Structures are given as C-alpha cells and as structure tokens.
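The residues making up each chain are set out below.
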Amino acid sequence: MARVVLNWDPFDLTDPGPCIDVIVMNSPEVIAGWRALGLECPEPIRMNALLDTGASVTVISKTFANYCKLFQTNEGSEITAIGATHRCGEHAGAISFPGTNLRPFDPTRIVSVDFPKERHYAILIGRDILRNWVISFNGRCKQVTITN
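Since the model is a prediction, treat every value here as computed from it, not as a measurement. For every chain, the first residue of the written sequence is number 1, and numbering continues from 1 along that sequence. With the structure being a predicted model, the display of local features is reserved for residues of pLDDT at least 70 and the display and counting of side-chain atom pairs for 80 or more, all residues being used for whole-chain, interface and lining totals. Only hydrogens and water are removed before side-chain values are computed, so all heavy atoms of the structure are retained for them.

Asker: Please clarify how the sheet that holds strand β1 (residues 3–7) should be interpreted in this entry.
Answerer: Reading across from one edge, β1-β10-β9 is the order of the 3 strands in this open sheet, with antiparallel pairing throughout. Either end of the sheet is taken by a strand with one partner, and the two such strands are β1 and β9 (134–138). Here the strands of the sheet are splayed against their neighbours by 20° on average, with no regard to which way each runs. Taken together, the 5 bridges between β1 and strand β10 (residues 143–147) define a ladder with antiparallel strand orientation. Counted as the bridge partner of V4 is I146 from β10. Between any two strands, at least two bridges found by DSSP are needed for them to pair. Under the DSSP-based scheme used, a helix requires at least four consecutive residues in state H or I and a strand at least two consecutive residues in state E, with every element numbered from the N terminus. Axes, fitted as lines to C-alpha atoms, cover a helix only where it is in contact. Angles between the N-to-C directions of the axes lie from 0 to 180 degrees.

See the structure below:
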C-alpha cells in the first residue's frame with residue numbers, strides 16, 4: 001500500500017493548495033509507434049499538479065499538452081473549469097507520480113484547456129483519479145495524506 005504525505009497550509013494565501021509532482025506523457029505504445037515511424041517524442045518532464053476535488057476530470061494546460069505532444073483523441077468539447085467554460089481537447093495519456101509508490105494511470109483521459117494565467121501548477125488532478133485514493137487532511141499538521 002502506497003502512502004504519500006503532502007504539506008499544505010490553507011491559511012497561507014501564497015500556498016496554491018495540495019500539490020504533487022507528476023509526469024504526464026503518452027502511453028508507451030503510442031511512443032513506440034511514433035518512434036517506429038521516425039517521429040520525435042519529447043522527454044517526459046516533472047510538473048506540479050494540484051489535487052482538485054472540484055474538478056470532475058484531470059485537466060492539463062494546453063501549453064503543456066502541446067509540449068508533451070499528448071495524443072489527441074477528440075477536439076471541441078466543452079468543460080467548466082478554473083471558473084469558466086472552456087473549449088478543450090481530449091487526450092489519451094499516462095500519469096505517474098515520481099518519487100512515490102502511487103500506482104500510475106495508463107492510459108487515462110486528460111483534457112486540455114488554456115489556463116487563464118500560468119499558475120503554480122500545470123495540471124489539475126480531478127476526481128477521475130482522486131476516487132482511486134483515500135485522502136485525508138490534518139489541519140493541525142497542515143498535511144494531506146494519500147493512500148492507495
């Protein structure tokens with residue numbers, strides 16, 4: 001059983017919320033197919049992700065979705081996120097949590113939207129992933145604990 005403890009001070013206005021490092025990339029099968037065709041795939045990078053119980057799905061900034069060359073499965077749907085309705089792309093990707101024993105999600109649906117301004121995070125981890133974990137918040141210790 002994996003257990004991860006994140007620090008979060010909800011009373012600190014500069015603290016963006018409970019965040020975790022993630023790596024978002026295409027599934028290994030997609031990468032292998034592209035490489036077989038001679039196409040380049042960017043190296044995965046670590047990004048900061050916000051655990052967002054208000055988001056029904058996992059959302060990535062379009063800037064980062066384009067950088068990661070996430071395989072797009074649909075274009076033109078709408079979602080309400082980050083306080084507004086957005087046109088979004090839908091992608092099939094893989095999300096892992098480096099430095100933890102949390103189970104990766106591969107494949108998983110990820111939607112991309114233009115974030116209104118660059119934030120402290122590039123991804124919102126929505127309830128589609130959060131529902132797989134037990135998450136608790138200890139206000140006195142200012143910690144969020146994830147168990148899967």
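Asker: Would you mind going over the packing of aromatic side chains with me for this structure?
Answerer: Here a pair means two rings of Phe, Tyr or Trp (six-membered ring of Trp) with centres within 6.5 Å. Their orientation is stacked below 30 degrees between planes, edge-to-face above 60, and tilted elsewhere. Per the stated rule, a full pass over the model turns up 4 aromatic pairs. Geometrically, the ring pair formed by W8 and F137 is tilted, given 5.0 Å between the ring centres and 50° between the ring planes. Taken together, the positions of W8 in the loop between β1 and β2 (19–25) and F137 in strand β9 put the pair 129 residues apart, joining distant regions of the chain. Residue exposure (1.4 Å probe, protein chains only): buried if accessible area is under 20% of the type maximum, exposed if over 50%, otherwise partly exposed. Judged by its relative accessible area of 41%, F137 is partly exposed. Connected via pairs of aromatic rings, a cluster forms that spans F97, F105 and W133.

Asker: Just checking my understanding: could you explain the confidence of the model for the chain for this structure?
Answerer: Regions with low pLDDT should not have their predicted coordinates read in detail. A residue's pLDDT is the confidence the predictor assigns to it, expressed on a 0 to 100 scale. Scored by pLDDT, the chain has a mean of 91; 97% of the residues are at 70 or more. Of all helices and strands in the chain, the one with the weakest mean pLDDT is strand β5 (residues 71–81) (81), whereas β10 scores best (98).

Asker: Just to check I follow, could you spell out the pattern of salt bridges for this structure?
Answerer: Side chains that differ in sign of charge can pair as their charged atoms come close. Salt-bridge detection follows one rule: a side-chain nitrogen of Lys or Arg within 4 Å of a carboxyl oxygen of Asp or Glu. This structure, assessed with the given rule, holds 4 salt bridges. For K142, the salt bridge goes to D9, with nearest N and O atoms at 3.5 Å. Pair noted here: K142 is in the loop between β9 and β10 and D9 is in the loop between β1 and β2, with a separation of 133 residues, a long-range link. Overall, D9 belongs to the buried group, its relative accessible area being 19%.

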